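# Secondary and tertiary structure notes
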Amino acid sequence: DACMAMTSRGLRVDNTLRRERLIALTAQARTLQDEARPLIESLKDKLKRPKLYFKRKVCSGCRNGRKKRLSCSKCAGAGASIAFSCNLGSNHQLKDILYNALKLPTRSRGGSVTTDEEALQSLVALDKSGLVMLALRYTKLATMAEIYERIAPAPDSHVRTVFNPAGTYTGRFNSKEAFYVPRSTNLQNLPGSEEGKRNPLYCVRDCLVPDTGEVFVEGDLSQAEARVVGHLSEDDTLREQWADPLWDIHRWTASHIYDTTEPQVSSAQRYVGKRARHALNYGEGPNKFWRVVNSDADVTGVSITLTEAKRIHTQYHALHPNLDKVWWNRVERTLLEQGWLESCFGARCHFYPRIDEFGQLDADTLRAAAAWEPQHTVSRIAKMALLTMFQQESNGWRVLHEQHDSVLLGVPRSGMWRAARALKRAMEREIVVNGHKLTIPCEVFVARERWSQKERVM
């Protein structure tokens with residue numbers, strides 16, 4: 001019932017701003033093309049297929065005739081000219097630029113040379129010319145334009161999503177479009193204020209606004225999965241540090257993997273520390289971590305090489321030895337013995353594990369199993385809060401959206417504080433993880449004008 005209610009209500013779209021963003025994205029794409037032009041022209045002699053960019057055009061008036069062109073007003077005597085054009089979205093042009101002119105390592109997929117987004121992300125730290133970054137930004141602009149197109153509202157000014165409660169093995173909702181709900185799309189993957197800090201055009205949530213007379217009230221579980229992982233891996237250091245509500249786990253992580261003090265950690269290093277915690281807790285290797293960090297290089301300006309990714313991977317596991325020595329080993333033994341895992345809520349997930357010839361658990365199965373309990377636990381807490389708030393809607397608020405570890409309400413302005421207090425109570429539940437009591441703190445935010453412009457009130 002709660003899922004159907006959220007789908008029926010949808011989220012209101014500022015369609016004027018959405019259209020302005022699409023126009024601005026097109027203009028910014030042209031700017032990137034202009035920035036790329038002198039860089040590509042400087043590589044002309046190194047290109048194997050220069051005709052892709054430089055084309056000789058003969059004047060249509062004089063046809064470059066030796067005598068006719070002298071009196072031709074159309075070309076002012078030039079007769080012919082070299083026209084330059086580049087398309088940062090062209091796979092053919094980028095292959096020539098990256099792999100022939102710049103001599104960057106060739107990237108392939110399915111046996112074919114590629115310049116897709118993942119290839120660009122892997123090359124950005126190796127390129128000194130700046131062309132890879134320009135191409136990556138151009139690709140991101142195209143992606144953002146697609147997202148803005150997706151949230152085009154229905155005639156009632158709202159865009160909708162269809163939640164599937166059984167859409168994932170972790171218990172998280174699956175959010176997607178459906179043919180039976182016009183103007184529906186996935187609303188759980190919209191770039192927000194973090195991306196908007198680097199480029200305002202990337203903040204799609206600017207376009208999602210409260211209904212008339214309402215504000216958004218959002219409850220967000222703080223560092224939720226990391227806290228569950230800390231208890232599952234019996235990491236006493238993390239549990240002790242979390243006693244300080246102002247402790248910045250990502251800055252602390254960065255200080256250790258970069259061997260520096262916390263005050264000296266740069267914003268780029270903190271970003272890498274944050275990505276390391278999200279990516280490496282569940283057994284991802286250095287290659288995957290490398291791609292994760294570089295995936296947002298066009299927005300963050302932060303990129304690393306594979307060598308650096310391997311070093312950080314080693315440092316992170318030295319910082320948290322219990323991840324594989326205690327927790328992952330326990331997960332593997334449990335799956336080998338019984339084939340399923342059980343969460344602190346009593347929910348079971350059967351994995352039907354794949355075993356290799358040496359009796360070891362398949363690496364993909366182990367990673368999926370390690371991720372299951374933290375993600376299921378956090379999602380379950382958010383779902384319980386969602387149901388509580390839905391059952392209490394007679395108090396004036398409306399449940400609008402769920403985002404794995406957060407719940408969004410539409411609330412009349414006069415009932416804002418009452419709803420905020422109720423949401424915080426609903427989200428903060430004491431659970432027992434691996435024999436340890438844990439209450440994940442909930443931060444409550446209010447957005448009066450736009451979903452992206454929220455302030456913390458609790």
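Relevant structure appears above.
Below is a short write-up of the structure.

Definitions and limits used
Residues numbered from 1 in each chain as written. Predicted model: local features only at pLDDT ≥ 70, side-chain atom pairs only at ≥ 80, totals over all residues. Heavy atoms only, no water. Disulfide = S-S within 2.5 Å. Buried < 20%, exposed > 50% of the residue type's maximum accessible area, 1.4 Å probe, protein only. Helix = DSSP H or I, 4+ residues; strand = E, 2+ residues; numbered from the N terminus. Lys, Arg positive; Asp, Glu negative; His and termini not counted. Salt bridge = Lys/Arg side-chain N within 4 Å of Asp/Glu carboxyl O. Polar contact = N/O pair within 3.5 Å; in protein donor to acceptor, adjacent residues only side chain to side chain. Contact = heavy atoms within 4.5 Å. Pairing = 2+ DSSP bridges. Phe/Tyr/Trp six-rings, centres within 6.5 Å; stacked < 30°, edge-to-face > 60°. Lys NZ or Arg CZ within 6 Å of the ring centre and 35° of its normal.

The tally for this structure, following the rule as stated, stands at 0 disulfides. The thiol sulfur of cysteine 349 is not disulfide-bonded, and the nearest other cysteine sulfur, from cysteine 344, lies at 14 Å. For cysteine 349, a relative accessible area of 11% gives the class buried.

What follows covers the side chain of glutamate 332. Assignment of secondary structure puts glutamate 332 in helix α14 (residues 322-338). Despite its burial, glutamate 332 pairs with no opposite charge, the nearest such side chain being arginine 333 at 7.6 Å. Within the structure, the side chain of glutamate 332 is placed 3.1 Å from the backbone nitrogen of leucine 361, a separation counted as a polar contact. Not counting residues up to four positions away in its chain, the partners in contact with glutamate 332 are Gln360, Leu361 and Leu366.

Turning our eyes to something else, we now look at the sheet that holds strand β6 (residues 158-159). Read from one edge to the other, the open sheet built from 3 strands follows the order β6-β1-β9, with strand pairing classed as antiparallel. What marks the edges here is a single partner per strand, and that holds for β6 and β9 (208-209). In the sheet, strand β1 (residues 11-13) pairs with β6 via 2 bridges, with the strands oriented antiparallel. Each bridged residue has a counterpart across the sheet, and for leucine 11 the counterpart in β6 is valine 159.

Mapped onto the elements of the fold, alanine 318 is located in helix α13 (residues 306-319). Residue alanine 318 is classed as exposed on the basis of its relative accessible area of 57%. Separated by 11 residues in the primary sequence, alanine 318 and asparagine 329 have C-alpha atoms spaced 16 Å apart.

This part is about the pattern of salt bridges. For the structure shown, the criterion picks out 21 salt bridges. In this structure, glutamate 393 and arginine 9 form a salt bridge, with 2.8 Å as the shortest nitrogen-oxygen distance. Taken together, the positions of glutamate 393 in the loop between α15 (363-391) and β13 (398-402) and arginine 9 in helix α1 (residues 2-9) put the pair 384 residues apart, joining distant regions of the chain. The buried category is assigned to glutamate 393, whose relative accessible area is 17%. Two residues, glutamate 118 and arginine 291, come together in a salt bridge whose shortest N-O distance is 3.6 Å. In this pair, glutamate 118 is assigned in helix α4 (residues 117-123) and arginine 291 in helix α11 (residues 286-294), connecting sequence segments 173 residues apart.

Another aspect to go through is the packing of aromatic side chains. Applying the stated criterion to the full structure yields 7 aromatic pairs. Centre to centre, the rings of phenylalanine 216 and tryptophan 451 are 6.3 Å apart; their planes meet at 65 degrees, and the pair counts as edge-to-face. Here tryptophan 451 lies in the loop between β17 (442-447) and β18 (454-456) and phenylalanine 216 lies in strand β10 (residues 214-221), a separation of 235 residues in the sequence. The class for tryptophan 451 is buried, based on a relative accessible area of 2%. When the centroid spacing of 5.8 Å and the interplanar angle of 80 degrees are considered together, the rings of tryptophan 242 and tryptophan 247 count as edge-to-face. Classification of tryptophan 242 as buried rests on a relative accessible area of 11%. Accessibility expressed as a relative area gives 9% for tryptophan 247, which makes it buried. Put simply, the rings of Trp242, Trp247 and Trp252 touch in pairs and so form one group of aromatic residues. Above the ring of tyrosine 202, the side-chain terminus of lysine 140 is found at 4.9 Å from the ring centroid. Sitting over the ring of phenylalanine 173, lysine 383 keeps its end group 4.4 Å from the ring centre.

What follows covers the pairing of β10. For β10, the tally of buried residues reaches 7 of 8 residues, placing the bulk of the element in the interior. Strand direction decides the pairing type here: β10 and strand β14 (residues 406-412), joined by 7 bridges, are antiparallel. The residue bridging aspartate 220 from the neighbouring strand is serine 406, located in β14. Pairing of β10 with β17 involves 6 bridges; the strand directions are antiparallel. For glycine 219, the partnering residue across the bridge sits in β17 and is valine 444.

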